[in-house]
Amino acid sequence: MSEILNTLIIGSGPAGYTAAIYACRAQLEPVLVCGSEVGGQLTTTPEIENWPSRSDAPDGFSLMQDMSKHAEKLGTKFIFDEVVKTDFKNEIKEVYLSSGTVLKARTVIIATGAKARYLGLESETKYKGKGVSACATCDGFFFRGKEVAVVGGGSAAFIEALYLANLCSKVYLIHRRAEFRAEKVLVDRLKKLESEGKVEFVLNANVKEILGDGDLVNGVKVEVNGQNRDIHLSGVFMAIGHEPSTKPFAGQIELYDDGTVKTGFTSETSTSVPGVFAAGDCADRVYRQAITSAGQGCKAALDAEKYLQSKL
């Protein structure tokens, strides 16, 4: 493409598709670069029971397809490629794709999402979506009345464990140390549930293998103080952090130490560079929900429209 685009959207999850829908309605003629995982991480979720108006609990893949079709129907142009580098130093932004194509745009909306960190075990990969998850609020409902484990020792892990304790018969918190990085109030709340038999702390422990019958998880093997222990359960939730997909923007816009995009400079979704906006998990350190990402995508498109109007 040799022309200068009004709005270039990077990312094809809820934030990116919603930004495209609103950008189309503002007649910005958006172009969306889908990235290496079309539809984003939500496509791996088997059922979504908390999407407003969808009581039929659609799977993430079909929901993202519906959003894509909506954006396309309104006029969004899609590029099935991946961004490898960006140059935001001038008023016209340049975005480099893996194919060698260089896109130029007046505004850019970054909606590249984030990927949950996993342990890197072969068995973990085998059972993703079959008992291994990285989102208790997304998948915890499927394990109600069952025993599960949460892996991690930070505040995120404790929040996941507290949430699951309301649904599951028992929650094991597996942590590689004896000390926690979580807020004390969260630790105290979980310890209270421990005294009630709802939670068990498995400390100084490393997960060695996710156990299963070939179809579903049925346990986890941990090494505790040098001794192996098998814990029988139905689900394992990884809560060892997220990694924002923001490498192509390093050095171009301000990022937090963890890679999350800093926003809120002149508007809620604005970045440190005028004309560049960010929405969804790549800029969210708190909520990381599909519906909040969609809302931020809407805001980013409206902010981009306002920015372009200011240049007329």
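Check the entry above for the structure.
Because the structure is a prediction, the values reported are computed rather than measured.

Novice: Explain the environment of glutamate 147 to me, please; I cannot follow it from the model alone.
Specialist: Counting through the fold element by element, glutamate 147 comes out in strand 9 (residues 147–151). The class of glutamate 147 is partly exposed, set by a relative accessible area of 28%. Remark: the alpha-carbon pair of glutamate 147 and valine 187, spanning 40 residues in sequence, is separated by 20 Å. Residue contacts for glutamate 147: discarding those within four places in its chain leaves Ser169, Lys170, Tyr172, His232, Leu233, Ser234 and Gly235. Looking at glutamate 147, its side chain comes within polar contact range of the side chain of tyrosine 172, at 3.3 Å.

Novice: What exactly am I supposed to notice about unusual backbone geometry here?
Specialist: Even without being glycine, serine 53 reaches a positive phi, approximately 80 degrees. Tracing the chain through its elements places serine 53 in the loop between strand 2 (31–33) and helix 2 (60–74). Looking at serine 53, the relative accessible area reads 75%, which means it is exposed. Located in the positive-phi region is arginine 288, a residue other than glycine, with phi close to 50 degrees. For arginine 288, the location among the structural elements is in the loop between strand 17 (276–278) and helix 7 (290–310).

Novice: Any chance you could explain the state of the cysteines here in plain terms?
Specialist: One covalent bond between the sulfur atoms of two cysteine residues makes up a disulfide. Under the defined criterion, the tally for this structure stands at 1 disulfide. Put simply, cysteine 135 and cysteine 138 are joined by a disulfide, and their sulfur atoms are 2.2 Å apart. Between cysteine 135 and cysteine 138, the S-S dihedral sits near 65 degrees, and the bridge is therefore right-handed. The structure places no disulfide on cysteine 24, whose sulfur is separated from the nearest cysteine sulfur, that of cysteine 34, by 13 Å.

Novice: Just checking my understanding: could you explain the sheet that holds strand 9 for this structure?
Specialist: Each strand in a sheet pairs with another by means of backbone hydrogen bonds, the pair being arranged parallel or else antiparallel. If you walk across this open sheet you meet the 5 strands as 8-15-9-10-11, and the pairing is parallel. For this open sheet the edge positions go to strand 8 (132–133) and strand 11 (199–202), each flanked by a neighbour on one side alone. Here helix 5 (residues 155–165) sits on the sheet and contacts strand 9, strand 10 (170–174), strand 11 and strand 15 (235–238); the angle it forms with strand 10, its principal contact strand, is near 165 degrees. Strands in contact with helix 6 (residues 184–195) are strand 10 and strand 11; relative to strand 11, the strand with the most contacts, it is inclined by about 110 degrees.

Novice: Mind showing me how you'd approach the pattern of salt bridges here?
Specialist: Pairing between side chains of opposite charge can happen when the charged atoms of each approach one another. Enumeration over the complete set of coordinates arrives at 13 salt bridges. Of the charged contacts in the structure, one is a salt bridge between lysine 89 and aspartate 87, with a shortest N-O distance of 2.5 Å. The class of aspartate 87 is buried, set by a relative accessible area of 16%. Two residues, aspartate 258 and arginine 285, come together in a salt bridge whose shortest N-O distance is 3.4 Å.

The rules behind each value
- Residues numbered from 1 in each chain as written.
- Predicted model: local features only at pLDDT ≥ 70, side-chain atom pairs only at ≥ 80, totals over all residues.
- Heavy atoms only, no water.
- Helix = DSSP H or I, 4+ residues; strand = E, 2+ residues; numbered from the N terminus.
- Buried < 20%, exposed > 50% of the residue type's maximum accessible area, 1.4 Å probe, protein only.
- Contact = heavy atoms within 4.5 Å.
- Polar contact = N/O pair within 3.5 Å; in protein donor to acceptor, adjacent residues only side chain to side chain.
- Disulfide = S-S within 2.5 Å.
- Pairing = 2+ DSSP bridges.
- Axes fitted to C-alpha atoms, helices over the stretch in contact; angles between N-to-C directions.
- Salt bridge = Lys/Arg side-chain N within 4 Å of Asp/Glu carboxyl O.

It is worth stressing that arrangement in space is one thing and function is another; only the former is reported here.
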